[in-house]
Amino acid sequence: MKRYFNSLAETMSADELKSLQNRRLGETLRWVLTRNDYYRKRFTALGLKQPEDFGDMEQLPELPTLNKEDFRQTYPLGMCCVGNNEIREMHMSSGSTGSPVVMPYNEADLEQWAECMARCYVMAGAVSGNPVQITPSFGLFNGGFGMYHGARKAELFVIPTGSGNTERQVRLAKDFNTKILCGVVSYTIRILEVMREMKIELPCLKIGIFGAESFSDGMRKRIELELGIESFDIYGMTETGGVGTLGMDCPAHAGIHVWEDQYLVEVLDPVTGKPLPDGQQGEIVVTSLTRQALPVIRFRTGDLSKIVSREKCDCGRTHLRIAPITGRTDDMLIIKGVNFFPKQVEHALLEIPGVLPHYQIVIEEVDGVRDVRINVEADETVTGYMVEKHLKERLGFSPKGDVFKPGELPRQDGKAQRVFYKNNNH
Ligand code: DLL
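Residues numbered from 1 in each chain as written. Predicted model: local features only at pLDDT ≥ 70, side-chain atom pairs only at ≥ 80, totals over all residues. Heavy atoms only, no water.

Novice: Explain the overall build of the chain to me, please; I cannot follow it from the model alone.
Specialist: Secondary structure assignment for the chain yields eleven helices and 21 strands. Here the C-alpha atoms of the chain give a radius of gyration of 22 Å, agreeing with the 22 Å that 2.2 N^0.38 yields for 426 residues. C-alpha atoms of the chain, sized along the principal axes, occupy 65 × 55 × 40 Å. For the chain, the proportion of its 426 residues judged to be buried stands at 55%. When contacts within the chain are restricted to residue pairs at least 6 apart in sequence, those whose partners lie at least 24 apart make up 66%. Accessible surface computed for the chain: about 18500 Å², of which carbon and sulfur atoms make up 51%. (Helix = DSSP H or I, 4+ residues; strand = E, 2+ residues; numbered from the N terminus. Rg over C-alpha atoms; globule rule 2.2 N^0.38 Å. Buried < 20%, exposed > 50% of the residue type's maximum accessible area, 1.4 Å probe, protein only. Contact = heavy atoms within 4.5 Å. Areas by Shrake-Rupley, 256 points an atom, 1.4 Å probe, with all protein chains shown as cover.)

Novice: Explain the sheet that holds strand S8 (residues 242-249) to me, please; I cannot follow it from the model alone.
Specialist: By way of backbone hydrogen bonds, the strands of a sheet pair with one another, either parallel or antiparallel. The strand order across the open sheet built from nine strands is S4-S3-S5-S6-S7-S8-S9-S14-S13, with neighbouring strands paired in mixed fashion. What marks the edges here is a single partner per strand, and that holds for strand S4 (157-159) and strand S13 (307-309). Pairing analysis gives two bridges linking S13 to strand S14 (residues 321-322), with the strands arranged antiparallel. Within the sheet, the bridge partner assigned to Ile307 lies in S14 and is Ile322. The sheet strands contacting helix H9 (residues 217-227) are strand S5 (180-184), strand S6 (207-211), strand S7 (230-237) and S8, and the helix crosses S7 at an angle near 130°. (Pairing = 2+ DSSP bridges. Axes fitted to C-alpha atoms, helices over the stretch in contact; angles between N-to-C directions.)

Novice: What's the story with the sheet that holds strand S18 (residues 355-366) in this structure? I'm lost.
Specialist: Taken in spatial order, the four strands line up as S20-S19-S18-S21 in an open sheet, and their pairing is mixed. Each end of this open sheet is capped by a strand with a single partner; those strands are strand S20 (400-404) and strand S21 (419-423). Neighbour-to-neighbour, the strand axes of this sheet turn through a mean angle of 25°, independent of strand direction. Strand direction decides the pairing type here: strand S19 (residues 369-378) and S20, joined by five bridges, are parallel. Within S20, the position partnered with Ile374 by the bridge is Gly401.

Novice: Honestly, helix H3 (residues 37-44) in this entry has me stumped. Any pointers?
Specialist: Residue pairs spaced three or four apart in an α-helix point in one direction, given the helix's 3.6 residues per turn. What H3 keeps buried is the set Tyr38, Tyr39 and Phe43. Viewed along the axis of H3, the buried residues span an arc of 125°, placing them on a single side of the element. Looking at the buried side of H3, the elements it contacts are helix H2 (14-35) and helix H4 (68-73). Two or three places before Tyr38, at the start of H3, stands the capping residue Asn36, its side-chain oxygen 2.9 Å from that residue's backbone nitrogen. (Arc of directions from axis to C-beta. Polar contact = N/O pair within 3.5 Å; in protein donor to acceptor, adjacent residues only side chain to side chain.)

Novice: I would appreciate a short explanation of the site of the ligand in the present structure.
Specialist: Near the ligand you find 18 residues, and of these Asp233, Ile234, Thr238, Asp303 and Lys415 are the closest. Within the side chain of Asn142, an N or O atom sits 3.1 Å from an oxygen atom of the ligand. Its free accessible area being 600 Å², the ligand has 93% of it covered by the protein chains. The set of elements that each furnish at least two residues to the shell around the ligand consists of helix H6 (142-153) and S7. When residues in the shell around the ligand are grouped by element, the largest group, five residues, is from S7. Its residues assigned to classes, the shell around the ligand shows seven nonpolar, six polar and five charged. (Near = heavy atom within 4 Å. Nonpolar A, V, L, I, M, F, W, Y, C, P; charged D, E, K, R; others polar.)

Novice: How should I be thinking about the nonpolar core in this particular structure?
Specialist: Nonpolar side chains in soluble globular proteins tend to be buried together. Tyr121, Val132, Ile209 and Ile322 are the most contacted members of the largest nonpolar core, which totals 68 residues. Considering every element that reaches this core, the biggest residue donor is helix H5 (residues 107-123), with eight residues. (Core = buried A, V, L, I, M, F, W, Y, C linked by side-chain atoms within 4.5 Å.)

Novice: For this particular structure, what's the right way to read the domain arrangement of the chain?
Specialist: As a measure of interface size, the accessible area lost when the parts come together is often cited. For the chain, the assigned domains read domain 1 (1-328) and domain 2 (333-423). Taken over C-alpha atoms, the centre of domain 1 sits 29 Å from the centre of domain 2. On the domain 2 side, the residues contacting the 24 residues of domain 1 number 17 residues. Between domain 1 and domain 2 the total buried area reaches about 1700 Å² when both faces are included, carbon and sulfur atoms providing 57% of it. The largest contributions to the domain 1 side of the interface with domain 2 come from Ser216, Met219 and Arg222, which together make up 30% of the buried area. Linking domain 1 to domain 2 there are one salt bridge. For the pair domain 1 and domain 2, the number of links is nine residue pairs in polar contact (both at pLDDT 80 or more). Mapped onto the side of domain 1 that touches domain 2, the elements with two or more residues apiece are helix H8 (185-198), H9 and strand S15 (327-328). Looking at the side of domain 1 that touches domain 2 residue by residue, the class counts come to ten nonpolar, eight polar and six charged. (Domains from an automatic or database assignment. Buried area = accessible area lost by both parts, 1.4 Å probe. Salt bridge = Lys/Arg side-chain N within 4 Å of Asp/Glu carboxyl O.)

Novice: Please clarify how the packing of H8 against H9 should be interpreted in this entry.
Specialist: Working note: a packed helix pair is described by the angle between its axes plus the distance between those axes. Contact geometry for H8 and H9: axes closest at 11 Å, N-to-C directions at 35°. Where H8 crosses over H9, the two elements pack in a sense that is left-handed. Touching Val185, Thr188, Ile189, Leu192, Met195 and Arg196 of H8 are Met219, Ile223, Glu226 and Leu227, all from H9. Among the residues making up the contact of H8 with H9, the classes are represented as seven nonpolar, one polar and two charged. (Left-handed = near helix turned anticlockwise from the far one by under 90°.)

Structure follows, in structure tokens:
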């Protein structure tokens, strides 16, 4: 079986990788400085005048960081480095703050995206002709199209269902022997549920490529067990060029390989912005090395993770590995002095036998005091008290637990909303 889509790139030695990164970083910096006013102003404000002033990775921490606010300020195309006549596609995310982030692509960017995604497919074990069902939506969200471009490049048989119409989704998977199911984690849970209702099994399904939101190990294991598949954690975002651009875990499942010939990754302290040593959790910051229409230099993703290894992996790839994303800097919850992420609640809930993977975290604020209520679906053996007791042991605080019957909580076709706010002023 083919192990790599691009063995030269994926297995190059650390020295080769470093010199390629240095060269590409220099090219990217020259590119943005000579083609975009916004970048030029930000950089010259730092006293860096000539593109030649940069070009070595050691200097990266001296460059200014970018964040979603830069995208908002420059909406729609103020950070774009090519003319409209070169743009071939765009994607956009609204983000949690509602400010739009636009990513334009020229021909070379679409090629680059397809290459990154194709590497992911082959890394997961896909071979030419395999039926791949793409369940994220096709539209401004990058998930559907990114998985499509990559599947074409990896010569797969594309079943571009997009999201929704879950019964048809299941029937098509059965009729066309879908081998690879791609999607947002929460929607896959919905597919599983409908499969059970329809009493349909999918024995041809072998590979799941899931991402777009943090999911606990418990969730991953449940999906794998129930679908009888091996699942992979795929990472990417609108600002870096979409799904798969940042990489995925390999069959060794020892961290997400970041495509380092395409992107530089730093881990910074989210508060001070200072670099953190490997192994320490912080905010992932990304610099693109080959994007053209809108390269990002030191983009603060808001995602929390850590570098787990820079050593060559058992799979033979040399690109560094990061831990699965724990959560985002902006989704950490603080209740009665205890910090936690939704993913930790999910992990703890799924440890309780009889609990189903459908839950809500409701933050209730009464007269300025915050409390948490966990709404969770479970079978009749589980009580609210059991949920409260287990979460207290696991998380160190006592949320209220409300148990719902299977099917009672709302379902979503895309990324799930897990956290809800309620206060007595409303
Ligand atoms: O969610 C891209 C994507 C589509 C990835 C389909 C995987 C599958 P955005 O809508 O721009 O793009 O959202 C990007 O989603 O900053 C993370 O917070 C989160 N995210 C993406 N992949 C993962 C993952 C797509 N594997 C934001 N684990 C990112 C955890 C993820 N969070």
